[in-house]
Amino acid sequence: SEDCGFGSWTGSFLCRVCMFSPYTPRVQLRLAGDKRKHNEGRVEVFYNGEWGTVCDDDFTLHSAQVVCRELGYVEAVSWSPSSKYGRGQGPIWFDNLHCTGREKTLSLCPSNGIGISDCKHSEDVGVVCSDKRIPGFKFVNTLPNHNLDIQVEDVRIRPILSSYRKRIPVTEGYVEVKDGGKWKQICNTEWSVFNSRVICGMFGFPGEKKYNARVYKMFARRRKPSYWDFSVNCTGNEAHLSSCKLGQDTSLKSNSTCAEGLPVVVSCVPGRAFALTPMVGFRKAFRQEQALVRLRGGAIVGEGRVEVLKNGEWGTICDDNWNLLSATVVCRELGFGTAKEALSGGRLGQGMGPVHMNEVECSGFEKSITECYFNKEALGCSHEEDAAIRCNVPAMGFQERLRLNGGRNPYEGRVEVLVERNGSLVWGTICSEGWGTMEAMVVCRQLGLGFANNAFQETWYWPGEVSADTVVMSGVRCSGTEMSLSHCLHHGAHLSCPRGGGRNAAGVSCSETAPDLVLNPQVVEQTTYMEDRPMFMLQCAYEENCLASTSNQVPANSYRRLLRFSSQIHNNGQSDFRPKASRHSWVWHDCHRHYHSMEVFTHYDLFSLNGTKVAEGHKASFCLEDSECDEGIEKRYECANFGDQGITVGCWDTYRHDIDCQWVDITDIKPGDYIFRININPNYEVPESDYTNNVMKCRCRYDGHRVWIKATNPETETLNFLPGQHANHYATVLPG
């Protein structure tokens with residue numbers, strides 16, 4: 001026999017015993033511990049009536065491959081040493097494993113021998129397996145007298161009643177498990193409401209409800225069910241059925257019929273966004289409480305950075321101790337199912353403001369994450385540790401009704417929609433008139449391809465037969481938050497596409513990441529001042545339309561009154577912010593001696609309290625660069641020497657108060673109270689992961705000599721000036 005890598009006769013003997021002896025230990029595996037996904041965790045081994053762990057000494061991806069395949073997953077993604085998923089208990093069954101990756105079970109890998117180890121539980125190994133299950137994988141219960149983890153090929157809710165068969169999403173029906181390629185029902189004699197809670201959560205529903213059992217009893221009499229061999233025992237907090245315990249179902253007779261019961265039925269309650277018939281009247285009749293939790297920065301529905309409202313200010317959650325249990329509380333609170341993944345390290349972008357919660361611990365049955373315990377004394381968490389989630393959402397079938405065609409890769413192409421024409425389903429194109437970033441955002445979300453990167457109004461250069469007759473959708477207008485393109489406004493059956501739909505069919509390119517620009521309101525507050533400046537010093541600004549329209553009627557020695565301030569714009573996203581136009585189309589401005597890479601970047605507007613615009617300023621086009629960066633991040637973009645333009649992730653571009661056009665011309669306004677608004681990327685020319693944080697509003701009071709300014713929350717706008725009181729920051733007039 002060949003040597004198995006130990007370099008000694010003893011090692012070879014151990015290998016031969018392990019691989020060829022009839023005494024190969026029969027073991028069972030499971031993934032346990034502090035998990036962020038159901039298909040990851042501490043590797044635990046059941047042997048000799050006791051659960052134990054595996055030491056990380058000599059453990060490799062080959063060993064992880066054996067573990068994952070033994071558990072029914074296609075492959076291993078990674079493995080982690082040093083008890084990443086927490087320290088286990090009991091014996092350490094395997095140490096110094098030397099797997100090739102081809103073994104059928106972990107006990108066939110060469111090792112020190114089962115139970116022989118010099119490790120501590122601080123060295124317990126963990127693995128991350130792929131989401132995909134092995135087709136046809138069948139769990140073999142080699143240890144029938146003990147509770148084990150479920151390992152099944154697939155689970156589904158199959159609608160039985162005719163009233164539920166055509167409903168989307170599927171909310172009620174038999175719970176069926178795929179076993180050896182065949183779908184089987186579960187006997188309901190040992191079924192609990194906690195089991196139903198887990199099933200509903202898996203399929204994207206926050207809760208379960210009662211159903212009409214009498215109807216299902218009649219149905220079961222007519223058709224003989226085929227039962228699964230195992231009973232399910234969940235605590236109600238599992239993120240997936242595979243995390244529940246199973247045992248031999250004692251209620252099943254030898255012929256696999258359910259002695260005193262029926263097939264398990266669940267009836268789930270969808271969240272408000274997925275409800276079949278929204279109760280509009282009910283919503284209007286009762287005042288909706290303001291949400292305490294929201295998701296930001298996610299590409300699709302049900303994912304994003306977790307933000308919590310506390311004392312009127314939105315903040316984030318630190319990822320210390322962040323796990324699937326806490327993530328699931330957030331998912332259910334927001335009307336989704338259980339969490340698929342608890343993300344750490346600012347994976348879906350970094351937030352702004354305070355970190356409200358740290359070291360969160362939930363029981364799993366809280367109505368809101370704000371009810372969970374957290375360490376109020378824990379300090380030192382930065383936004384690099386912002387927690388995020390990915391939730392299970394109901395299968396709405398949106399993805400099957402849209403496709404991209406003709407592109408160079410799966411992330412781009414001409415948008416094609418599946419519609420009914422003359423009684424049959426056909427694929428057609430979309431008229432691109434008015435097609436923009438918001439519409440492209442919805443397409444990318446619907447297809448699960450992330451964020452929009454570009455919205456194309458001409459796609460003639462992509463292959464494929466396209467003519468004006470193929471247009472099936474026109475006049476599409478989206479807000480950007482819709483789950484499906486069909487939810488956007490459009491012309492319906494009466495199409496209108498004067499420019500034709502062939503060469504001008506709508507197209508998109510998508511990206512897994514996007515930038516996210518956020519304005520710092522404190523910098524605006526702290527740098528605001530007024531300046532009276534003579535017209536002869538404003539020639540460059542005049543050329544770029546940065547003054548009020550009345551400025552063209554005044555002599556050169558007259559003065560303009562300017563409300564000036566600095567703006568600091570930070571890129572909190574996951575990719576760099578780049579100008580919409582490519583470099584060859586940037587415009588050189590000789591007066592200011594730099595290229596303008598975008599026509600519109602920022603609007604500065606002053607409104608009366610009734611919403612009438614009384615003054616405006618803008619960055620009609622700009623020099624975009626990294627002024628400063630967070631610690632450890634290098635600047636990439638600089639305008640000097642005709643350099644490249646953009647804002648790197650983790651950097652900010654500062655427009656100082658003393659540069660041209662960084663102002664609002666208030667020469668013509670009267671003293672009074674106003675609202676000052678700054679809007680970044682106002683025309684959505686460049687795709688971002690979150691547009692809700694692009695607007696900053698301030699309350700302004702101008703008495704003819706001084707200005708007081710205070711930033712407000714644009715979502716609440718609760719700040720008011722009281723008689724005799726002023727905001728924190730004010731500015732007097734400075735001469736030019």
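Everything numeric here is computed off the predicted structure, so don't read it as measured data.

### Looking at the overall build of the protein chain
Piece 1. Summing up its helical and strand segments, the protein chain has ten helices and 41 strands in all.
Piece 2. Per-residue burial over the protein chain gives 53% buried out of 736 residues.
Piece 3. Sequence-distant contacts, at least 24 apart, represent 71% of the contacts inside the protein chain between residues at least 6 apart.
Piece 4. If you sum the accessible surface of the protein chain, you get close to 35,100 Å²; carbon and sulfur atoms cover 49% of it.

### Describing the confidence of the model for the protein chain
Piece 1. With 87% of its residues at a pLDDT of at least 70, the protein chain reaches an overall mean of 83.
Piece 2. Low pLDDT (under 50) marks residues 141-150, which in the prediction has 37 contacts with non-local residues, meaning those over four places away or in another chain.
Piece 3. Of the regions scoring below 50 in pLDDT, residues 277-288 engages in four contacts with residues more than four places distant in sequence or in other chains.

### Observations concerning the environment of Gly428
Piece 1. Topologically, Gly428 is positioned in strand β23 (residues 424-430).
Piece 2. Through-space distance from the C-alpha of Gly428 to that of Leu418 is 6.6 Å; in sequence the pair is ten residues apart.

### Some points on the pairing of strand β14 (residues 265-269)
Piece 1. Of all five residues making up β14, four are buried, and the element is well covered by its neighbours.
Piece 2. As paired strands, strand β9 (residues 172-179) and β14 are joined by three bridges and run antiparallel to one another. Looking at β14, one finds that Tyr174 is bridged to Val265.
Piece 3. One ladder, built from two bridges, connects strand β11 (residues 207-208) with β14; its direction is antiparallel. Along β14, the bridge assignment pairs Glu208 with Cys268.

### Focus: the state of the cysteines
Piece 1. Tallied over the full model, the rule gives 15 disulfides.
Piece 2. Paired by a disulfide, Cys234 and Cys244 hold their sulfur atoms 2.1 Å apart. Here the S-S torsion is close to 105 degrees, and the disulfide linking Cys234 with Cys244 is therefore right-handed. Of the two residues, Cys234 is situated in the loop between β12 (230-233) and β13 (245-248) and Cys244 in the loop between β12 and β13; the sequence distance between them amounts to ten residues.
Piece 3. Of the residues examined, Cys234 reaches a relative accessible area of 4% and is grouped as buried.
Piece 4. Residue classification places Cys244 among the buried residues on the basis of a relative accessible area of 0%.
Piece 5. Linked covalently through their sulfurs, Cys478 and Cys488 form a disulfide whose S-S length is 2.1 Å. Linking Cys478 and Cys488, the disulfide has an S-S dihedral of approximately 105 degrees and is accordingly described as right-handed. Taken together, the positions of Cys478 in the loop between β25 (471-473) and β26 (507-511) and Cys488 in the loop between β25 and β26 put the pair ten residues apart, joining distant regions of the chain. Grouping residues by exposure puts Cys478 and Cys488 together as buried.
Piece 6. Between Cys698, a cysteine without a disulfide, and Cys700, which holds the nearest cysteine sulfur, the sulfur-to-sulfur distance is 6.1 Å.

### Quick look at the nonpolar core
Piece 1. One finds Phe577, Phe601, Leu606, Val664, Phe676 and Ile678 to be the most contacted residues of the largest nonpolar core, which totals 34 residues.
Piece 2. Dropping the residues within four chain positions of it, Leu606 is found in contact with Thr612, Lys613, Val614, Ala615, Ile666, Ile669, Tyr674, Ile675, Phe676 and Cys700.

### Notes on the side chain of Gln662
Piece 1. With respect to the helices and strands, Gln662 occurs in the loop between β36 (651-655) and β37 (663-665).
Piece 2. A distance of 3.2 Å separates a polar atom in the side chain of Gln662 from a polar atom in the side chain of Ser567.
Piece 3. Beyond its immediate chain neighbours, meaning those up to four positions away, Gln662 contacts Leu563, Arg564, Phe565, Ser566, Ser567, Tyr604, Lys619, Tyr655, Arg656 and His657.

Calculation rules
Residues numbered from 1 in each chain as written. Predicted model: local features only at pLDDT ≥ 70, side-chain atom pairs only at ≥ 80, totals over all residues. Heavy atoms only, no water. Helix = DSSP H or I, 4+ residues; strand = E, 2+ residues; numbered from the N terminus. Buried < 20%, exposed > 50% of the residue type's maximum accessible area, 1.4 Å probe, protein only. Contact = heavy atoms within 4.5 Å. Areas by Shrake-Rupley, 256 points an atom, 1.4 Å probe, with all protein chains shown as cover. pLDDT = per-residue confidence, 0-100. Pairing = 2+ DSSP bridges. Disulfide = S-S within 2.5 Å. Core = buried A, V, L, I, M, F, W, Y, C linked by side-chain atoms within 4.5 Å. Polar contact = N/O pair within 3.5 Å; in protein donor to acceptor, adjacent residues only side chain to side chain.

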